[in-house]
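In case you want the letters, here they are:
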Amino acid sequence: MQRLRNALELWCGPAMQDIGLQDSEAFDAAATRLDGLRLTTMEDRFDTEISLGHGADLVTELTDLVAAHPVREKLVAALMRALVAAGRNSEALQAFQRTREALADELGVDPSPELSALHVALLRGEVGQQKENRKTNLRAELTSYVGKDTDVAAVRELVADHRLTTLTGPGGSGKTRLATETARTLLGDLPDGAWLVELAAIGTDGDVAQATLSGLGLRDALLGEASNLEPADRLVAAIRDRETLLVLDNCEHVIESAATLAHRLLGECPRLRILATSREPLGITGEALWPVEPLALPEAVQLLIDRAVAVRKDLTVDARTLERVCKALDGMPLAIELAAARLRTMSIDQLADRLDDRFRLLTGGSRTALPRHRTLRAMVDWSWELLDDAERVVLRRLSVFAGGASLEAAERVCAGDLVDEYDVIELLTALTEKSLLVAAGDGTPRYRMLGTIKEYGAQRLAEAGESDLARQAHLAWFTELAETADPHLRRTEQLEWLATLKADHDNIGAAMRGALAAGEAHAAMRLAAAAGWYWWLIGRKAEGMELITAAINTPGEVPDEIRAVVYALTSMFVTTGPGDASEAAEWVHKAYEFGQRSRHYHPALRLVVPLERLLREPDAVLPVWELLLDDEDPWVRALSRLHIGKMRIMLGQGEDADACFEESLVEFRVLGERFGTSFAQTELADRLALRGEFTEACEHFDQAIAVVTELDAVDDVVQFRVRQARLYWLMGEKDASAAAVAEAERRAEGITWPGTLAALALAKAELARWNGNAEDAFDQLGIAVKLLGDEALQPHIRATTHDLHAYFADDLGQAREHRAAACQAAAETGYAPVIAQMVVGVADLALRHEQHEQAARLLAASASVLGLTDRSNPDVSRIEQATRSRLGDAAFDEAAREGAETNRDELVAVTLAS
């Protein structure tokens, strides 16, 4: 300080006033330079004196100097601080206003970031505070810190173990708050404190070193002889021996300068640690990175509640809607806080319903926040402006993806005029490092966007006029992917290709919906033909049926071979859900008709041929399937053999079915095809159960469940597990039966396919009947009927409905009516197992009439239909035991022999007429 005073005392009047060189530009320049040095020295002296608490004594002197030099901002800053020291804050604000006007009038510029920052600090009441003994410039926070305590602890450990730690993440993810909260916990361990350097206020060409000096409160006058050095040199001199933490906040727009400064400071200041925040790493060897992830759902909801309650005390909180909002906003703290601010004037439901237009909605940020944090769009605009043209192309075109993109898909869709395909990987890497993409995956990474970035990218894509171009490229890639995968889904490599398609499940659906919205019938049908078996295989039947139906209903020209395959797949979907036999037959006819016009040899079309012939020649049920046993495709042969076994059971030739199922199982296992394997195993399980071999049957179901679990076909697991529950019940293991039902119910929670849910309800109704619980049985039957809709009128469902009513009917006349209706419906099915079950029901009616010999005859007649006694039906054992007890073994056996030799329909008719 004294050296500054001595230097100024030696100065007398204007520079070189005694030397009279007229019209000399060199002389004038030298004099101007010396006057400038004098002013700079005076500014340093004023800064030092003010820092020492002498500001009030300098007001008059500074007022005169500012009047003489109205655009000299350091003098103005000194005057403002002096006025504050004198308690004249309003005059300090007026001084800033006069300077801003003078700068605009004389130079056409705005005040510098430093003077503007002083103005903001004055407004906040922060000017004039004694800082000499402070260890930090971290401000006290006004809001709670939610959900990141674990992150604070982790980052604290990184700072302790590494001299440079960088917090990376997208805008609004909470990097600054995490950094400051962590720094605050470290204050007790840092002799020279923790200091926040806010780089957001400086431009892309700003001086990071000077900003750091300002953040540390180090003025030139306090640096002694170092004041004549460059800012970076002065900074090194000032903190060389300090044990301190620098928080370099918001480095992304000055990333090169920030990295250069950090590298130098760490190299020359051995006790220094740096905690940086940036949307991309500084890229220095030894840098530790901590990606700042969005909030987990519970923490995101808590943050929304905390901020919402602060603005609206009467807010009605609905947990599901809060979760919906937080999911839509990706758990990003800034977006959630902007959403909470909106709740001042709208309900949480209104907010949730308007988030599709989030950029127009979320605009109510804090007035004191950085401009880019006041609206959601401004936050993303900031990142967008830092990208080069090629990066912008890739980012906007990636917005057409749903659920992320593989490298190969991104290369196909993102390449274009400005971007070569081989450059895409580097651009993806750059965007990932800048926190605009997330590279996820244990092995090969997939690139995905947060919802906010995706919506922003889609808007930029539309502005560029590339929306349809990108959509078409996206559609072409995923259509080709599905077509390539389809034949592999029926071979050993099934799981590998299923994993590939599952990873892009959302993309396939998005591509289909895009084609449908554009009215592109050919493209939609082509993708339906390629993806139909995939949707079926993984149990996404409801979704697949919805999309396939929409494709079929889209008008336009479509090649015959594609129509044929789609119609064949549709017939398959229809037969396992709401629909009827006539509808399925119609799709089979169409598939056969269009298939005959093409040379396409898809397996689905080869299976249509026997179905078409069966519809035309019902008596040729076995020969039509046997035609395919010589097919060149082993998958077609195995599936045909399995169907032959099912047809034999339907015709009452069960003794010949077992060999078909066993051979089919071997063939599917050789192929490595899990759908067919599980199909064959469950058919064998049913045959074992008929013979009373329940333990072995359960083992087959366990194996089948393991196989379809690999496919992630949850709907099949539900049906297999509830069928297994029947076996546990028959084995007397009631707890295991209940557990199997509970597991089936749990797995069915996310299923929407009516056929699966109806099968579950019907099985539960049957178990309830076996347990004698009429109320539960009828409740479950009602659920099944509602799910099935018109299909509940099909003969097998009608037979099941009447059978249930008959068992619980107290009035024998009503029971007889239901038995008659059940037998009529069973006859319409032509399906031996259903007919046999209804005959057992008539035997129950005979038992209730105490017609014991007739009951024994009917049991034998039922066994004749199947070719063996059905030990999987507990009613058979119950009726047989009651009848033997009354007749004795000899009389029972005689009656059974008569029943086996008598026409089944006659026995039923006699009983129903009595």
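Presented here is a report on the structure given in the accompanying data block.

Some points on the pairing of strand β3 (residues 245–249)
Burial analysis of β3 places five of its five residues in the buried class, which makes it a mostly covered element. Residues of β3 alternate between two faces, with Leu-245, Val-247 and Asp-249 on one and Leu-246 and Leu-248 on the opposite face, all of them buried. Relative to strand β4 (residues 273–278), β3 runs parallel, the two being bridged by four bridges. Paired with Leu-248 across the two strands is Ala-276, which belongs to β4. Viewed along the sheet, the connection from β3 through helix α11 (residues 255–268) into β4 turns out right-handed.

Re the pattern of salt bridges
Evaluation of the coordinates by the stated rule reveals 56 salt bridges. Among the salt bridges present, the one from Lys-541 reaches Asp-715, with a minimum N-O distance of 2.5 Å. With a gap of 174 residues between them, Lys-541 in helix α26 (residues 541–552) and Asp-715 in helix α35 (residues 714–730) connect regions that are remote in the sequence. Of the residues examined, Lys-541 reaches a relative accessible area of 5% and is grouped as buried. The partner of Asp-844 in a salt bridge is Arg-878, and the shortest N-O contact between them spans 3.0 Å. On the criterion of sequence distance, the pair formed by Asp-844 in helix α41 (residues 832–848) and Arg-878 in helix α43 (residues 874–887) is long-range, its members being 34 residues apart.

Quick notes on the sheet that holds β4
Taken in spatial order, the five strands make up an open sheet running β2-β3-β4-β1-β5, and their pairing is parallel. With one partner strand each, in any of the chains shown, β2 (194–198) and β5 (288–291) form the two edges of the open sheet. Sheet twist, expressed as the mean angle between neighbouring strand axes with direction ignored, is 20°. Sitting on the sheet, helix α8 (residues 175–186) is in contact with β1 (164–168), β2, β3, β4 and β5, with an inclination near 160° to β4.

Remarks on the nonpolar core
Of all hydrophobic cores here, the largest spans 164 residues; its most connected members are Leu-304, Leu-395, Leu-398, Met-512 and Trp-535. With 13 residues, helix α25 (residues 521–537) is the largest single contributor of residues to this core. If sequence neighbours within four positions are ignored, Leu-398 has contacts with Ala-405, Ala-410, Cys-414, Leu-428, Leu-437 and Met-449. Leu-690, Tyr-807, Leu-859 and Val-865 belong to the second largest nonpolar core, which has 36 residues in total.

Re α8
Its twelve residues place the ends of α8 17 Å apart at the C-alpha level, agreeing with the 16 Å of an ideal helix rising 1.5 Å per residue. The buried fraction of α8 is high, at nine of twelve residues.

As for the packing of α25 against α26
Axis separation between α25 and α26 bottoms out at 10 Å; the angle between their running directions is 160°. Judged on the interaxial angle alone, α26 and α25 are roughly antiparallel. α26 is crossed by α25, and the crossing has left-handed handedness. Side by side, α25 and α26 meet where Ala-524, Met-525, Ala-528, Gly-532, Trp-535 and Trp-536 of the first sit next to Lys-541, Gly-544, Leu-547, Ile-548, Ala-551 and Ile-552 of the second. Broken down by class, the residue content of the contact of α25 with α26 amounts to nine nonpolar, two polar and one charged.

Quick word on the packing of aromatic side chains
Taken as a whole and assessed by the stated rule, the structure comprises 14 aromatic pairs. Relative to Phe-594, the ring of Tyr-567 has its centre 5.5 Å away and its plane inclined at 65°; by these criteria the two rings are edge-to-face. Of the two residues, Tyr-567 sits in helix α27 (residues 560–574) while Phe-594 sits in helix α28 (residues 581–596), which places them 27 residues apart along the sequence. When its relative accessible area of 6% is taken as the criterion, Tyr-567 is described as buried. Centre to centre, the rings of Phe-778 and Phe-808 are 5.7 Å apart; their planes meet at 55°, and the pair counts as tilted. You can see Phe-778 sitting in helix α38 (residues 774–788) and its partner Phe-808 sitting in helix α39 (residues 795–808), a full 30 residues away along the chain. Note on Phe-808: relative accessible area 21%, which makes it partly exposed. The rings of Trp-533, Trp-536, Phe-573, Trp-635, Phe-675, Phe-679 and Trp-753 are connected pair by pair, giving a single aromatic cluster. Seen from the ring of Trp-635, Arg-490 lies directly overhead, with NZ or CZ sitting 5.6 Å from the centre.

So, how was this worked out
Residues numbered from 1 in each chain as written. Predicted model: local features only at pLDDT ≥ 70, side-chain atom pairs only at ≥ 80, totals over all residues. Heavy atoms only, no water. Buried < 20%, exposed > 50% of the residue type's maximum accessible area, 1.4 Å probe, protein only. Helix = DSSP H or I, 4+ residues; strand = E, 2+ residues; numbered from the N terminus. Pairing = 2+ DSSP bridges. Right-handed = clockwise from strand over helix to strand, strands pointing away. Salt bridge = Lys/Arg side-chain N within 4 Å of Asp/Glu carboxyl O. Axes fitted to C-alpha atoms, helices over the stretch in contact; angles between N-to-C directions. Contact = heavy atoms within 4.5 Å. Core = buried A, V, L, I, M, F, W, Y, C linked by side-chain atoms within 4.5 Å. Expected span 1.5 Å × (residues − 1). Parallel < 35°, antiparallel > 145°, perpendicular 65-115°, else oblique. Left-handed = near helix turned anticlockwise from the far one by under 90°. Nonpolar A, V, L, I, M, F, W, Y, C, P; charged D, E, K, R; others polar. Phe/Tyr/Trp six-rings, centres within 6.5 Å; stacked < 30°, edge-to-face > 60°. Lys NZ or Arg CZ within 6 Å of the ring centre and 35° of its normal.

From the geometry alone we can't say anything about function, so treat these as descriptive.
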